[in-house]
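# Overview (structure and organization)
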There are 2 protein chains.
Amino acid sequence: MPNIREIAKRAGVSVTTVSRVMNHHPYVKEEKRERVLRAMKELKYTRNIQAVHLAKGYSNMIGIVLPTIDHAYFSGLVTGIAEKAQACGMHFALFQTGYDPLKEKEALMSLKEQRVDGLIFCSNALSDQEILKWQEFGPIIFCHPTPHHECSSVSIAHDQAFKEGLEHLAACGHQRIAIALARIEGTNSQTRLQVYQEMMRSLGQDIDEEWIVEGKLTLFDGKQLFTEWQEMKNRPTALLITNDDVSAGFLLEAQRHHIKVGESPAILGFQNEQLSEALGISSIEIPIKRMGQEAFDLFHLSLKGEAPEKRVLPFRLIERTTTVLKNNR
Amino acid sequence: MPNIREIAKRAGVSVTTVSRVMNHHPYVKEEKRERVLRAMKELKYTRNIQAVHLAKGYSNMIGIVLPTIDHAYFSGLVTGIAEKAQACGMHFALFQTGYDPLKEKEALMSLKEQRVDGLIFCSNALSDQEILKWQEFGPIIFCHPTPHHECSSVSIAHDQAFKEGLEHLAACGHQRIAIALARIEGTNSQTRLQVYQEMMRSLGQDIDEEWIVEGKLTLFDGKQLFTEWQEMKNRPTALLITNDDVSAGFLLEAQRHHIKVGESPAILGFQNEQLSEALGISSIEIPIKRMGQEAFDLFHLSLKGEAPEKRVLPFRLIERTTTVLKNNR
DNA sequence: TTGAAAGCGCTAACAG
DNA sequence: CTGTTAGCGCTTTCAA
């Protein structure tokens, strides 16, 4: 592979001039520019991007930290990020953590090593606090709500959505409501639990411990959830499920057992993917792809030195067949 | 950020010694090693990976070229690749092409620029021939069968699977069989069409043009496919569908129309994801994750200078409810 | 407009 | 065992 010196020699100019041509600097006499261009063509020259990056001090690459790419939620997110990144000529690397804090640390190390210019965090085994310590090495964007003032984040009004979901189920006449959490939206299920508790109190309903189910993420988990539901001693009449793969699994397993989902049990999902539409699952739609796009925007703004910003995206409750309002209204 | 020189100064040694410590070279006196280590700790030193890469001449990064990450087929593939890559301490970047040849070229450029050490190609807008020209800049692995001798590839015995799929449908008593292709497994649907034609000839069945459907990839496409099927004048009694998201869409839409899938129409899918199991779709299982793993292995072998290798992975026909053998056997 | 030369931060051959 | 020194390939002052 020829280098810039060889091009310079062949074109009869200095390396500086070659560099100028490559970087579209003004002040290069047309004739020399052409000589350089010709030399580059003849030698099939391509600049060594690593050398460029070393000299310039950045990598033109962003890191996306997520538990796994093998789930519609995260691949949707990445799609959004990628769209925007591509438009800026930036590349991206994936760091899959499986929620392992050590893996997250490796991603942070990559930032410090300058392998990437910044990080978008969609995994959260480490505490926000811990992660934010690394901000001095480059922008870090969170994809979940965070109280910390000194960082940018984009998120769904998740607790609000959660609340409205519960209200919807209540409006359908349910009191004995279970929740199945996915851990996608952060470790802060704390708030959600509070919301849940408050709502149940206002309904005058005691909560049974078995109504709070965690770690459900896949279709398979959903099937299992149905089984667990069947075996509950104090069986709830409705379930709020924070991921639609899980809702789908629940619904399909119910159908297999010839149990109709709607009046009771009722289920309300989150995310509204193609599958929930096809199955007629009532769901809270969250704009996951847009979340990715905005995450990248925030990264880009941070890079330009703008102040941190928190963005909260809207959601939308879509009633279909797995929930039925009381009094037909 | 401190650099190696500052560490050397602080530890009272040369930069070489520092470098040696970092790279776990033998022949460093214990006392000096400790001085270096201490200095690194005190200054919170981390090596600049870009400089390392420039000096060493590689990037420790692999590029994965695919149409989109937002589909179970490809995210499964990436999962497999990532597992192996992580075990080798390699990082990876994604290049999403949407089957755009220009985007594929950009990925190839990244190889030449030495942004990545190699490429795993799961997108194929460009011809194999064209892509292989870039092999001089680093290993390129194909995830589809290719006749070219000078490159490594891993693939499913896709044509064989396709053939057995057709045979299965024939064994179920079908003659009027349609096929829906997804373009996931390469532009070479040529061979598959041949297989199809031969099979139909041997069944003494003329092919209706409308029985060959292309470009079906998503659940939504599957719903549409059902509609298209209903509107066919010469309606086939069975469909071989090369992607299970599509089969699922077809099945769900059929159910919505209260049409039972099994005897007729029968459908046979490909890929066997969780969804097809949950829906009871007969499917040809292909080990997509393993394909990713082997792709990375092949990359790794190429890097070590091993000769190119073609690997063909097995498949497995799984009968469920959407196909029914004739004579109950 | 142009070029010489000093970096960017690390590695490795070579000499001791 | 250790240090000197010349790279890796490109960018960017600075002076002309």
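Quantities reported herein were computed from a predicted structural model and do not represent experimental measurements.

Calculation criteria
- Residues numbered from 1 in each chain as written.
- Chains lettered and ligands numbered in written order.
- Predicted model: local features only at pLDDT ≥ 70, side-chain atom pairs only at ≥ 80, totals over all residues.
- Heavy atoms only, no water.
- Domains from an automatic or database assignment.
- Near = heavy atom within 4 Å.
- Polar contact = N/O pair within 3.5 Å; in protein donor to acceptor, adjacent residues only side chain to side chain.
- Helix = DSSP H or I, 4+ residues; strand = E, 2+ residues; numbered from the N terminus.
- Nonpolar A, V, L, I, M, F, W, Y, C, P; charged D, E, K, R; others polar.
- Contact = heavy atoms within 4.5 Å.
- Buried area = accessible area lost by both parts, 1.4 Å probe.
- Salt bridge = Lys/Arg side-chain N within 4 Å of Asp/Glu carboxyl O.
- Least-squares fit on C-alpha atoms with pLDDT ≥ 70 in both.
- Expected span 1.5 Å × (residues − 1).
- Buried < 20%, exposed > 50% of the residue type's maximum accessible area, 1.4 Å probe, protein only.
- Arc of directions from axis to C-beta.
- UniProt positions renumbered as here; feature names shortened; annotations may be inferred.
- Pairing = 2+ DSSP bridges.
- Axes fitted to C-alpha atoms, helices over the stretch in contact; angles between N-to-C directions.
- Core = buried A, V, L, I, M, F, W, Y, C linked by side-chain atoms within 4.5 Å.
- Parallel < 35°, antiparallel > 145°, perpendicular 65-115°, else oblique.
- Left-handed = near helix turned anticlockwise from the far one by under 90°.

Take the domain arrangement of chain A next. Each assigned domain of chain A is listed here: domain 1 (4-47), domain 2 (61-157 + 288-315) and domain 3 (158-287 + 317-328). If you average the C-alpha positions of domain 1 of chain A and of domain 2 of chain A, the two centres end up 38 Å apart.

Bringing the protein's contact with DNA strand C into the picture now. Around DNA strand C there are 25 residues in total, and Thr17, Arg20 and Lys29 of chain A together with Ile4 and Tyr45 of chain B lie nearest to it. A share of 64% of the atoms of DNA strand C within 4 Å of the protein falls on sugar and phosphate groups. Ser14 of chain A is positioned such that a nitrogen or oxygen atom in its backbone is 3.1 Å from a phosphate oxygen of DNA strand C. A distance of 2.7 Å is found between a base oxygen of DNA strand C and a side-chain nitrogen or oxygen belonging to Arg20 of chain A. The set of elements that each furnish at least two residues to the surface near DNA strand C consists of helix 2 (15-22) and helix 4 (49-56) of chain A together with helix 1 (4-11), helix 2 (15-22) and helix 4 (49-56) of chain B. Per-element tally for the surface near DNA strand C: the top contributor is helix 2 of chain B, with four residues. Class assignment for the residues of the surface near DNA strand C results in 11 nonpolar, eight polar and six charged.

Here the focus is the interface of chain A and chain B. Between chain A and chain B, the residue contacts involve 48 residues of the former and 48 residues of the latter. Together, the buried faces of chain A and chain B total about 4300 Å²; carbon and sulfur atoms form 56% of this surface. Among the residues chain A hides against chain B, the three largest losses belong to Gln50, Glu113 and Arg115 of chain A. Together they make up 15% of the total. Where chain A meets chain B, there are four salt bridges. With a shortest N-O distance of 2.9 Å, Arg47 of chain A and Glu113 of chain B are connected by a salt bridge. Viewed at the interface, chain B and chain A are joined by 21 residue pairs in polar contact (both at pLDDT 80 or more). Listing elements by their share of the side of chain A that touches chain B, those giving two or more residues are helix 4, helix 5 (72-87), strand 2 (91-96), helix 6 (101-112), helix 10 (219-231) and helix 12 (274-279) of chain A. For the side of chain A that touches chain B, the element with the most residues is helix 5 of chain A, which contributes seven residues. Looking at the side of chain A that touches chain B residue by residue, the class counts come to 23 nonpolar, 15 polar and 10 charged.

Turning next to the relation of the copies chain A and chain B. Placing chain A over chain B gives an RMSD of 0.1 Å and needs a rotation angle of 180°, together with 0.0 Å of translation along the axis. Taken together, the rotation angle and the small translation identify this as a two-fold axis. The rotation axis passes nearest to the C-alpha of Ala93 of chain A in chain A, at a distance of 2.1 Å. Interface overlap between copies is the fraction of interface residues in one copy that are interface residues in the other; for chain A against chain B it reaches 100%, indicating a shared surface.

All names here are of chain B. Relative to the 20 Å expected for 14 residues at 1.5 Å per residue, helix 8 (residues 158-171) spans 20 Å between its end C-alpha atoms, a close match to the ideal helical length. When we look at burial in helix 8, the residues that qualify are His158, Ala161, Phe162, Gly165, Leu166, His168 and Leu169. When helix 8 is viewed along its axis, its buried side chains cluster within an angular range of 155° and face the same direction. Phi turns positive one or two residues past the end of helix 8, at Gly173, with a value near 95°.

In the vicinity of DNA strand D there are 24 residues, among which Ile4 and Tyr45 of chain A together with Thr16, Thr17 and Lys29 of chain B approach most closely. Within 4 Å of the protein, atoms of DNA strand D come from sugar and phosphate in 66% of cases. The side chain of Thr16 of chain B places a nitrogen or oxygen atom 2.8 Å from a base oxygen of DNA strand D. The separation between a sugar or linking oxygen of DNA strand D and a polar side-chain atom of Lys32 of chain B is 3.2 Å. The set of elements that each furnish at least two residues to the surface near DNA strand D consists of helix 1 (4-11), helix 2 and helix 4 of chain A together with helix 2 and helix 4 of chain B. Here the residues of the surface near DNA strand D sort into 11 nonpolar, eight polar and five charged.

What follows deals with the UniProt feature "domain: HTH lacI-type" (unreviewed entry) in chain A. Annotation from UniProt places "domain: HTH lacI-type" (unreviewed entry) at residues 2-56 of chain A. The annotated region residues 2-56 of chain A carries 67% helix and 0% strand content, and the separation between its end C-alpha atoms amounts to 21 Å.

All names here are of chain A. Pairing is mixed across the open sheet formed by six strands, whose spatial order is 7-6-8-9-10-12. Every other strand in the sheet has two partners, leaving strand 7 (212-213) and strand 12 (316-318) as the edge strands with one partner each. Bridge count for strand 10 (residues 283-285) against strand 12 is three bridges, and the pairing is antiparallel. For Glu285, the partnering residue across the bridge sits in strand 12 and is Arg316. Strands in contact with helix 10 are strand 6 (177-180), strand 7 and strand 8 (238-241); relative to strand 8, the strand with the most contacts, it is inclined by about 150°.

Time to look at the nonpolar core. Leu166, Phe250 and Met291 of chain A together with Leu166, Phe250 and Met291 of chain B are the most contacted members of the largest nonpolar core, which totals 147 residues. Among residues more than four places away in sequence, those in contact with Phe250 of chain A are Gly222, Lys223, Leu225, Phe226, Trp229, Leu239, Ile241, Val261, Pro265 and Ile267 of chain A. Core analysis: the second largest hydrophobic core is formed by 34 residues, Val65, Leu111 and Leu126 of chain A together with Ile140 of chain B among them.

This part covers the packing of helix 1 of chain A against helix 3 (residues 30-42) of chain A. Residues and elements named next belong to chain A. Packing of helix 1 against helix 3 brings their axes to within 9 Å, and their N-to-C directions diverge by 125°. In terms of their interaxial angle, helix 1 and helix 3 are classed as oblique. In this structure, the crossing between helix 1 and helix 3 has a hand that is right-handed. Contacts from Ile7, Arg10 and Ala11 of helix 1 reach helix 3 at Arg35, Val36, Ala39, Met40 and Glu42. Its residues assigned to classes, the contact of helix 1 with helix 3 shows five nonpolar, no polar and three charged.

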